[in-house]
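An overview of the molecular structure
The lines below spell out each chain.
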Amino acid sequence: DFSAEAVGVFFALLGDEQMTGIDEVLFREINKMAVAFQVPWLLKDCKKWLGEKMVAAENEDQINFIFSESYYMLSRLKQTSYMDMFVNQFGGSVDTILISKYLSDFDNRVSKYDERLGCTLDSDIIYPLLQLGGSNIRIFYEILSDLISNNLNLSKTAVHLLQNIDLRCLKANWEDWSQLFIKISDLPDISASDLKIPYKLLDEAWRAVSITSEETSSTTTTLREIEKKELELEKEALRAGVSSDGTTEERATKASTSAAILWDKNKWWSLYYSCKTLADCVTAVSEGRTEDMWDVVDALLWKVFVKSSPSQEEMDKFMSDMERVCEVKRVKRVPWQFIGLVISALKNSTKDNAERLITLLTRIKQSRVLSSPCRENIIIRRDRKEELVSEVELAKCEKPEEEEKNIFHFKHPQVGKCAEPGQCGFILRYHRDSDNTTLDLISDNSYYENTGVHYHNVLSHRDMCEYVVFTLTLPNGAKVKTVAWGRWRLWWLPENTRQEFEGWYVAYNVANYMVTKSEP
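Residues numbered from 1 in each chain as written. Predicted model: local features only at pLDDT ≥ 70, side-chain atom pairs only at ≥ 80, totals over all residues. Heavy atoms only, no water.

1. Here's the deal with the overall build of the chain
Helices and strands together make up the secondary structure of the chain, namely 22 helices and 14 strands. Within the span of the chain, comprising 520 residues, buried residues form 50% of the whole. Across the chain, every contact between residues at least 6 apart in sequence was considered, and the portion connecting residues at least 24 apart equals 70%. Carbon and sulfur atoms make up 49% of the accessible area of the chain, which totals about 25,100 Å². (Helix = DSSP H or I, 4+ residues; strand = E, 2+ residues; numbered from the N terminus. Buried < 20%, exposed > 50% of the residue type's maximum accessible area, 1.4 Å probe, protein only. Contact = heavy atoms within 4.5 Å. Areas by Shrake-Rupley, 256 points an atom, 1.4 Å probe, with all protein chains shown as cover.)

2. Some remarks on the side chain of Glu 69
The topology assignment puts Glu 69 in helix α4 (residues 60-75). Here Arg 28 takes part through its side chain, which lies 3.1 Å from a polar atom of the side chain of Glu 69. Once residues within four sequence positions are removed from consideration, Glu 69 is found in contact with Phe 27, Arg 28 and Leu 50. (Polar contact = N/O pair within 3.5 Å; in protein donor to acceptor, adjacent residues only side chain to side chain.)

3. So, the pattern of salt bridges
The tally for this structure, following the rule as stated, stands at 14 salt bridges. A salt bridge links Glu 24 to Lys 53, with the nearest nitrogen and oxygen atoms 3.6 Å apart. Of this pair, Glu 24 sits in helix α2 (residues 24-36) while Lys 53 sits in helix α3 (residues 40-56), and the two are 29 residues apart along the sequence. We classify Lys 53 as partly exposed; its relative accessible area is 31%. Ionic pairing is found between Asp 316 and Arg 363, a salt bridge with its closest N-O pair at 2.6 Å. Note that Asp 316 is positioned in helix α17 (residues 312-328) and Arg 363 in helix α19 (residues 354-366), a separation of 47 residues in sequence. (Salt bridge = Lys/Arg side-chain N within 4 Å of Asp/Glu carboxyl O.)

4. Brief notes about the packing of helix α16 (residues 293-307) against α19
When two helices pack together, their arrangement is given by the angle between the helix axes and the distance between those axes. Look at α16 against α19: their axes get within 12 Å of each other, and the N-to-C directions meet at 170°. Looking at the two axes, α16 sits roughly antiparallel to α19. Residues Met 293, Val 297, Leu 300, Leu 301 and Phe 305 of α16 touch α19, and the partners they reach there are Arg 356, Leu 357, Leu 360, Leu 361 and Ile 364. Here the residues of the contact of α16 with α19 are counted per class, giving 9 nonpolar, no polar and 1 charged. (Axes fitted to C-alpha atoms, helices over the stretch in contact; angles between N-to-C directions. Parallel < 35°, antiparallel > 145°, perpendicular 65-115°, else oblique. Nonpolar A, V, L, I, M, F, W, Y, C, P; charged D, E, K, R; others polar.)

5. Points about the environment of Arg 382
Relative to the elements of secondary structure, Arg 382 occurs in the loop between β6 (377-381) and β7 (384-387). For the pair Arg 382 and Tyr 505, spaced 123 residues apart in the sequence, the C-alpha separation amounts to 5.9 Å. Discounting chain neighbours no more than four positions away, the residues touching Arg 382 are Asn 406, Ile 407, Phe 408, Phe 501 and Trp 504. Polar contacts involving the side chain of Arg 382 include one to the side chain of Asn 406, which spans 2.6 Å.

6. What about the nonpolar core?
Across soluble globular proteins, you tend to see nonpolar side chains buried next to one another. With 76 residues, the main nonpolar core has Leu 300, Phe 318, Met 322, Leu 361, Ile 364, Phe 426 and Tyr 467 as its most contacted residues. The element that contributes the greatest number of residues to this core is α16, accounting for 9 residues. Those residues in contact with Tyr 467 that sit more than four places away from it in its chain are Trp 294, Gln 337, Phe 338, Leu 341, Ile 379, Val 483, Gly 503, Trp 504, Tyr 505 and Ala 507. (Core = buried A, V, L, I, M, F, W, Y, C linked by side-chain atoms within 4.5 Å.)

7. Re the confidence of the model for the chain
Taken over all residues, the pLDDT of the chain has a mean of 76, while the share at 70 or more is 71%. No element of the chain has a lower mean pLDDT than strand β2 (residues 119-120), at 36, and none a higher one than α19, at 95. Segment residues 241-258: pLDDT under 50, and 22 contacts once partners within four positions in sequence are set aside and those in other chains are kept. Contacts for the low-pLDDT stretch residues 515-520, under 50 throughout, to residues beyond four places or in other chains number 7 contacts. (pLDDT = per-residue confidence, 0-100.)

8. Concerning the packing of aromatic side chains
Enumeration according to the criterion identifies 20 aromatic pairs in this entry. Here the aromatic rings of Trp 268 and Trp 269 are separated by 4.9 Å at their centres, their planes lie at 85°, and the arrangement is edge-to-face. Judged by its relative accessible area of 12%, Trp 268 falls in the buried class. For Trp 269, a relative accessible area of 36% gives the class partly exposed. (Phe/Tyr/Trp six-rings, centres within 6.5 Å; stacked < 30°, edge-to-face > 60°.)

9. Concerning the sheet that holds strand β13 (residues 479-483)
A sheet is described by the order of its strands in space; here 4 strands give the open sequence β6-β14-β12-β13, paired in antiparallel fashion. Whereas interior strands pair on both sides, the edge strands pair on one side only; in this sheet they are β6 and β13. When the angles between neighbouring strand axes are averaged without regard to direction, this sheet yields 30°. Relative to β13, strand β12 (residues 464-473) runs antiparallel, the two being bridged by 5 bridges. Counterpart to Thr 471 in the pairing with β13 is Lys 481. Relative to the sheet, helix α18 (residues 336-346) contacts β6, β12 and β13, its axis offset from that of β13 by approximately 135°. (Pairing = 2+ DSSP bridges.)

10. Regarding α16
Here α16 spans 20 Å end to end across 15 residues, near enough to the 21 Å set by a 1.5 Å rise per residue. At Leu 300, α16 is deflected by roughly 50°, the largest bend along its length. Among the 15 residues of α16, 12 are classified as buried, and the element is accordingly described as predominantly covered. All buried positions along α16 are accounted for by Met 293, Trp 294, Asp 295, Val 296, Val 297, Asp 298, Ala 299, Leu 300, Leu 301, Lys 303, Val 304 and Phe 305. Capping the start of α16 is the job of one residue whose side-chain oxygen sits 2.8 Å from the backbone nitrogen of Trp 294: Asp 292. (Expected span 1.5 Å × (residues − 1). Bend = angle between axes of the 7 residues up to and from the residue.)

11. With respect to the side chain of Asn 353
Mapped onto the fold, Asn 353 is located in the loop between α18 and α19. Using a relative accessible area of 11% as the deciding quantity, one classes Asn 353 as buried. When residues no more than four places from it in sequence are discounted, the contact partners of Asn 353 are Phe 305, Ser 308, Ser 309 and Trp 492.

12. Looking at the pairing of strand β14 (residues 498-509)
Pairing between β6 and β14: 5 bridges, direction antiparallel. Bridge pairing in β14 links Ile 380 to Val 506. In this structure, β12 lies alongside β14, joined through 10 bridges in antiparallel fashion. Within β14, the residue paired with Phe 470 across the bridge is Phe 501.

Set out below in C-alpha cells:
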C-alpha cells in the first residue's frame, strides 16, 4: 500500500526518532504509516508538522494542501484532530470553491443512518465543512444555489445544508432566500415530501427573525406558492395511485378539487388500526402517515390507553422521540384549548389509567413543539350550515344530498383592510363518496356565491385545527364540556352520561403573524 521511497524514509525516521526533511509529497504516506503502526512520537510530529504549515500558509495552494490532508485524515482514517485544527485556524475565512469541492461527492457517500433525514449520511464528514463557513451565510447560499441549478430534485447535500442553517442568518438576505425557496419548489422532479423542507425552514425563520411588513407579505405569498405546488404534487400522486387501481382520472380529480383536506376518514381508520402503542404513534408521524398532533391525541384517546396502560418509561420515551421527530417534520401542533377540554372531561373518568393519560396529555400541552398556547390561536365558532343549492355546486358532487357548507366568519390578521362585499371567512365541507369521506377547506370561489362570505388566499388548512364541542351531563348532574364527537366518552366516562351538541370550532394558529408584529 506504500511506495518504496515512503517505506525507506519511514524506516530512516524510526532510526532517528525525529521527523526531519519531509516534503509534502511524502507526508500523507508517512502519516498513514504512523497511524497504521501506532508510532506515538511520529504521530505527534506529523500533527506538529502540519500545524506549522497551517500557521505559515500564505496562499490558496498552501491552504488547499493543508485542507486536503486534514480532510483525508478525517474521512479515511477517522482522525478528527487535524480538521479541528484547520477549522480553528481558517473557519469563516474559506471561500465557496473550497467547500463546494468537498461537498460535491457527498451524495455518493454511504455511512451511518441519519434518523432525522431518513437517509444515509456521513455526518462526521459534512459537519466540519459546515463549520468552515462559520457565520458567512452567503457561502452556503451560493453552494445551495449551485446545487439547485445543477439538479432536477433536492439532493441529500442540499437537504443537510438546509437542515443545519441558523435561521437568524437569513435575516440579512431575506429576499434572496425567499427566491431560493421558490426555485426549490420549481425543481422538475421535486417530491411533495421534499417540498416540506423549504416550507418548514421559511415558516420557522419567519418566527425566529424580525422582518418588515413588506417582507411579511412577500413571505406569506411564497409560503402559499410552495403549499400550492405541494398540493398539486399530492393530487398528481393521487391520480397515479387511483388510476393504477382502475379508477378514472376524472374521478380522482373530482375527489381533490380546489380543496385542502383537514381530515381524511380512510387515513384516520388506518391510524386507528395501526397505532396500538405509543411507539406506533411516533412511527406514524416519522413515516409521514400523519402530520397532525390532533391525530396523535385522538389515537391516545381511542386506542392506545384503551387497550393498555403505558409505563412511565414508555411515556418518557414517547415524549422525547415525538419531540425529536416533530422538530424535523412540519407537524401541526395541537391547540391548548383542545387538550384542555379533553383533560377536564377525563378528570371525571372512572377508569384506572385515566390519571396516567391526563399526565401524558398535560406533558404534551406543556411542550412548545407538540402544542400551541392559547395566545397563538384564534377560536372561531361556526356561524351556520347551508346545503349546496347551485347547479355549479351540485355538478361537482357525487352525492349532493350529503354535501353541506359549514360557514365560518374570520378575518385573518394578514388581510388588513378589505373592500370586498360581505364578510371575510371560509367554508369547510364534508365530501362523501363510496370510497372515503374528507373534510375540506374550500378555496373555489363558486362555493362562496350567495353566502355573504368571501375567501382570502392567505388562509391555510395547515394553520387550522377543527373540533366539535359537546356539553356532557354526568350521572350526578354535573356538566362538563369536551371535544370530538363524544364517542370516546363511552369508554372513559361513567355510564348514563348524556351529551348535547354545543358548537363546531376552528382554532386558527396565527403565531407567525403575532411574532412578526411583536418585533420592533
